[in-house]
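# What the coordinates show
Residue strings, one per chain:
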Amino acid sequence: MNTFTILLTGAAGATLTYLANHRFRMGAVRASALLSLVVALIFYVFPNLLSSYLTTHIPLVFMGSSFIGMVSRKVMENIVLLVISGIIFSLIYLNSGQFFAGFGGALGTTACISVLVSAGLAAIQKSRPIKKVKQFRKRRKD
Amino acid sequence: MKIARRIAFFLFIVLHFSFLMVNFYHDSNLFLWTGLLLIISVLIGVAYFKAPREDEEHFFEDLYNIVFVVIGCIITFFLNQKIQLGPVLAAGLTGTGASFIPNFFSRKTNFIKEIPAAIYCGAFLGMTGPAVSESWIFIIPAAVISGVFYIFSKNIFQGYGGKLGSVAFGGVVITSSVLFFFSA
């Protein structure tokens, strides 16, 4: 259940920040910082709202994934890709070792890697060989 | 300044891959992690080379960004470690405050618009935990290095989420490595 909540938080952090950034025109910095501040404040004021594990990790995962939502429209427009990035972020976060624990910028680096992985997936999906395979499948169906 | 862009690009690659390798190889399941690392590396590699590169000039004004990164770092580090608000609350407060700075200026030049991003980049540095360092002697050089890296990376990964965090991480890693090297 904890893992599922962390995955959901990752997807929500990325998507909500993106919407605040682009749909509500808050700008990337305000969207990420303000939403993270609200989430952190909720857990700061109500520390017993959820288990101690989730109280510690949800604000960190939300803030980390909110960096994904700072992405510009030129780089990522698809909400599905944002959700995938958020989930990738959470998966890396959950499987991280202790070596870089406490390093400033580690969450941002994880977010950057997640965005790059999704952007790579999108680029491969749009590439010519994949398009050819899709066209071939479509012709065979027809 | 092609050389600055190349240095920044190289640093990004080194940071991302060392981060992944160190994080993944703490586990005994080497086969699974090696496979995952290979897939991630291919996807990141594709994204690196498809990433748009823009050639904006570097100006003398860019040097002010170092100051803003240091300011963001000092405020967040103080709130995080000295007032003990915790990293997320500290960075959230600093970033939210910084995002309102352009509202105080009637003329919104590119330089003014960039201030919140530079301060937020510094805020990520300030999230550094006491396990890494509690000292200003560590965090301020790290912020200056990140500020330089921030300027160098001006023309790459524009609009990529997490870029500012990677820049901050670069500063912390370089400073930790230098300190480790000299203390050994």
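Residues numbered from 1 in each chain as written. Chains lettered and ligands numbered in written order. Predicted model: local features only at pLDDT ≥ 70, side-chain atom pairs only at ≥ 80, totals over all residues.

### Things to note about the overall build of chain B
Scanning chain B from N- to C-terminus turns up seven helices and zero strands. Listing the helices and strands of chain B from first to last along the sequence gives α-α-α-α-α-α-α. In terms of overall dimensions, chain B is globule-like: its C-alpha atoms have a radius of gyration of 17 Å, near the 16 Å expected for 184 residues. Considering only C-alpha atoms, chain B reaches an extent of 55 × 40 × 30 Å along its principal axes. Sequence-distant contacts, at least 24 apart, represent 72% of the contacts inside chain B between residues at least 6 apart. (Helix = DSSP H or I, 4+ residues; strand = E, 2+ residues; numbered from the N terminus. Rg over C-alpha atoms; globule rule 2.2 N^0.38 Å. Contact = placed C-beta atoms within 7 Å.)

### Some thoughts on the overall build of chain A
Looking only at helices and strands, chain A has six helices and zero strands in total. In chain A, the order of α-helices and β-strands from amino to carboxyl end is α-α-α-α-α-α. Across its three principal directions, the C-alpha atoms of chain A cover 60 × 35 × 30 Å. Counting all 142 residues of chain A, 51% fall into the buried class. Restricting the contact set of chain A to residue pairs at least 6 apart, pairs at least 24 apart contribute 73%. (Buried ≥ 20, exposed ≤ 12 C-beta atoms within 10 Å, placed from the backbone.)

### A short note on unusual backbone geometry
One non-glycine residue, Arg25(A), adopts positive backbone phi at about 50°. Judged by the 9 C-beta atoms lying within 10 Å of it, Arg25(A) falls in the exposed class.

### Topic: the UniProt feature "transmembrane region" (unreviewed entry) in chain B
Residues and elements named next belong to chain B. As recorded in UniProt, the sites labelled "transmembrane region" (unreviewed entry) are residues 7-25, 31-51, 63-79, 85-104, 111-129, 135-152 and 164-182. Taken end to end, residues 7-25 comprises 95% helix and 0% strand; its first and last C-alpha atoms sit 27 Å apart. Note that residues 164-182 is 100% helix and 0% strand, and that its end C-alpha atoms are spaced 28 Å apart. (UniProt positions renumbered as here; feature names shortened; annotations may be inferred.)

### Points about helix H3 (residues 52-68) of chain A
Helical periodicity: at 3.6 residues per turn, an α-helix aligns residues three or four positions apart in one direction. A rise of 1.5 Å per residue sets the reference length of H3(A), with its 17 residues, at 24 Å; its end C-alpha atoms lie 25 Å apart and thus fit the reference within 8%. Considering bend angle alone, the principal kink of H3(A) is centred on Ile58(A) and spans about 25°; proline Pro59(A) follows within four residues of it. Here H3(A) has its buried residues at His57(A), Ile58(A), Pro59(A), Leu60(A), Val61(A), Phe62(A), Met63(A), Gly64(A), Ser65(A), Ser66(A), Phe67(A) and Ile68(A). If you follow the buried residues of H3(A), they end up packed against helix H1 (2-23), helix H2 (28-45), helix H4 (79-94) and helix H5 (106-126) of chain A together with helix H4 (87-99) and helix H7 (163-183) of chain B. (Expected span 1.5 Å × (residues − 1). Bend = angle between axes of the 7 residues up to and from the residue.)

### A few points about the nonpolar core
Counting residues in hydrophobic clusters, the biggest one holds 97 residues, and the most contacted among them are Val69(B), Tyr120(B) and Cys121(B). Cys121(B) has contacts with Val69(B), Gly72(B), Ser146(B), Tyr150(B), Leu164(B), Val167(B) and Ala168(B), leaving out every residue within four places of it along the chain. (Core = buried A, V, L, I, M, F, W, Y, C linked by C-beta atoms within 7 Å.)

### Some thoughts on the interface of chain B and chain A
Facing 44 residues of chain B, the contacting portion of chain A comprises 46 residues. Looking at the side of chain B that touches chain A, the element that brings in the most residues is H4(B), giving nine residues.

### So, the UniProt feature "transmembrane region" (unreviewed entry) in chain A
The UniProt feature table records "transmembrane region" (unreviewed entry) at residues 6-21, 28-46, 52-71, 78-94 and 100-124 of chain A. With 100% helix and 0% strand, residues 6-21 of chain A has its two end C-alpha atoms placed 22 Å apart.

### Here we look at the packing of helix H3 (residues 64-82) of chain B against helix H6 (residues 136-152) of chain B
Residue and element names in this part refer to chain B. Two elements in contact, H3 and H6, have axes whose closest approach is 8 Å; the angle formed by their N-to-C orientations is 140°. Between H3 and H6, the interaxial angle falls into the category oblique. With respect to the hand of their crossing, H3 and H6 are arranged in right-handed fashion. Together, Asn65, Ile66, Val69, Val70, Cys73 and Phe77 of H3 and Ile139, Ile140, Ala143, Val144, Ser146, Gly147, Val148, Tyr150 and Ile151 of H6 make up the contact between the two elements. (Axes fitted to C-alpha atoms, helices over the stretch in contact; angles between N-to-C directions. Parallel < 35°, antiparallel > 145°, perpendicular 65-115°, else oblique. Left-handed = near helix turned anticlockwise from the far one by under 90°.)

### Overview of H4(A)
All names here are of chain A. Taking 1.5 Å per residue, 16 residues should reach 22 Å; H4 reaches 23 Å between its end C-alpha atoms and fits that length. Along H4, the residues classified as buried are Leu81, Leu82, Ser85, Gly86, Ile88, Phe89, Ser90, Ile92 and Tyr93. In this structure, the buried side of H4 is in contact with H1, H3 and H5.

### Quick look at the environment of Trp33(B)
Inspection of the secondary structure assignment puts Trp33(B) in helix H2 (residues 30-50). Sequence separation between Trp33(B) and Phe111(B) is 78 residues; the distance between their C-alpha atoms is 43 Å.

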